[in-house]
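# Breakdown of the fold
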Amino acid sequence: MLLRLPTSVSEAQECLAEGAVPVGGATLVWATWQREGFPELAMSLRKLPQANVIGAERLGAAVLLGQMDGRVPDVLRRAAGTVGTGAVRRAATVGGNLVGSALRCLLPAALVLDARATVLESDGVRETDLAEVVAKRPLLLSLRWSAPLACAYRKLPADAGAPPPLVVASALHAGDGAGDGEGGGAGYGVRVAARDGYEVFEGAAVTGVDPEETLESLRATALGDLPAAAWAVVRPQVLDLLARER
């Protein structure tokens, strides 16, 4: 197997055109390759500047989960910190988790940030939403978002071999909470995402004087399909987040 390490977007685009397989940290593909055979050509983005940025409003796809610290919103940092073991987090990448993993542990955190994805295709770079990233699995270069006013994250414990544990993430934004990654309208909004099993549910609501009204608005979204046990986690997290608004 030949591993290419492009240092520019144009070089990465050439690798894609040549059929290079994105490798990331290889934590999810190595066993498959050992079993089914290695590709002739692979590509890692670890030398590409655009894929290695870490900041308050941007995160590169080649960033290792173990590198995520106080420079990113707490909801992302905490989500990354719950993935696998320390050894896994020192090798696994943001792109590998969001695009290559069935669990997508970072997805709820990215959704509540209303993140947009920059992806690379054979005909160039473009921006898209996370729904397309999950469905079509393009080559992810980076994520961007508007920094939240506050955020929260909880992942329930789970026994080895058990179904994926419940994950709940939320964020308070300036704007209406259902924006396009650029803020939104006047006032404040809350976004919530939950992974129940392998499914991810999300919703947004404008905050008001009565927190119960905000919770009812959230129940009217896809979050309303969550079981009662999940809402027992969602409800206190949202109420705590709304208390920070006042």
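Above this text you will find the structure in question.
These remarks concern the structure in this document.

With respect to the helices, strands and loops of the structure, Tyr153 is situated in strand β8 (residues 150–155). For Tyr153, a relative accessible area of 4% corresponds to the buried category. Placed 152 residues apart in sequence, Tyr153 and Met1 show a C-alpha to C-alpha distance of 39 Å. Residues contacting Tyr153, with those up to four places away along its chain left out, are Val75, Arg78, Ala79, Thr82, Cys105, Val167, Val168, Ala169 and Gln237. At 3.4 Å, the side chain of Tyr153 and the side chain of Thr82 are in polar contact.

Sheets are built from strands paired through backbone hydrogen bonds, the pairs being either parallel or antiparallel. Taking strand neighbours across the sheet as the criterion, the 4 strands line up as β4-β7-β5-β6 in an open arrangement whose pairing is antiparallel. Only two strands of the sheet have a single neighbouring strand rather than two, namely β4 (58–60) and β6 (124–128). With strand direction ignored, the average angle separating the axes of adjacent strands in the sheet is 25°. The sheet contacts of helix α1 (residues 9–17) involve β5 (116–121), β6 and β7 (139–144), and relative to β5 the element is tilted by about 60°.

Looking now at the side chain of Ser170. Along the polypeptide, Ser170 turns up in strand β9 (residues 167–174). Taking the relative accessible area as the measure of exposure, Ser170 reaches 0% and is therefore buried. A polar contact is formed between the side chain of Ser170 and the side chain of Gln237, at a distance of 2.8 Å. Once you skip the residues sitting within four places of it in the chain, Ser170 turns out to touch Val112, Cys151, Ala152, Arg191, Val192, Gln237 and Leu241.

The strand order across the open sheet built from 4 strands is β8-β9-β10-β11, with neighbouring strands paired in antiparallel fashion. With one partner strand each, in any of the chains shown, β8 and β11 (199–206) form the two edges of the open sheet. Averaged over neighbouring strand pairs, the angle between their axes works out to 10° when direction is ignored. Contacts between helix α3 (residues 74–81) and the sheet are confined to β8 and β9, with β8 contributing the most and set at about 15° to the helix. Each of β10 (188–196) and β11 touches helix α8 (residues 211–219); the most contacted strand, β11, lies at about 135° to it.

Criteria and thresholds
Residues numbered from 1 in each chain as written. Predicted model: local features only at pLDDT ≥ 70, side-chain atom pairs only at ≥ 80, totals over all residues. Heavy atoms only, no water. Helix = DSSP H or I, 4+ residues; strand = E, 2+ residues; numbered from the N terminus. Buried < 20%, exposed > 50% of the residue type's maximum accessible area, 1.4 Å probe, protein only. Contact = heavy atoms within 4.5 Å. Polar contact = N/O pair within 3.5 Å; in protein donor to acceptor, adjacent residues only side chain to side chain. Pairing = 2+ DSSP bridges. Axes fitted to C-alpha atoms, helices over the stretch in contact; angles between N-to-C directions.

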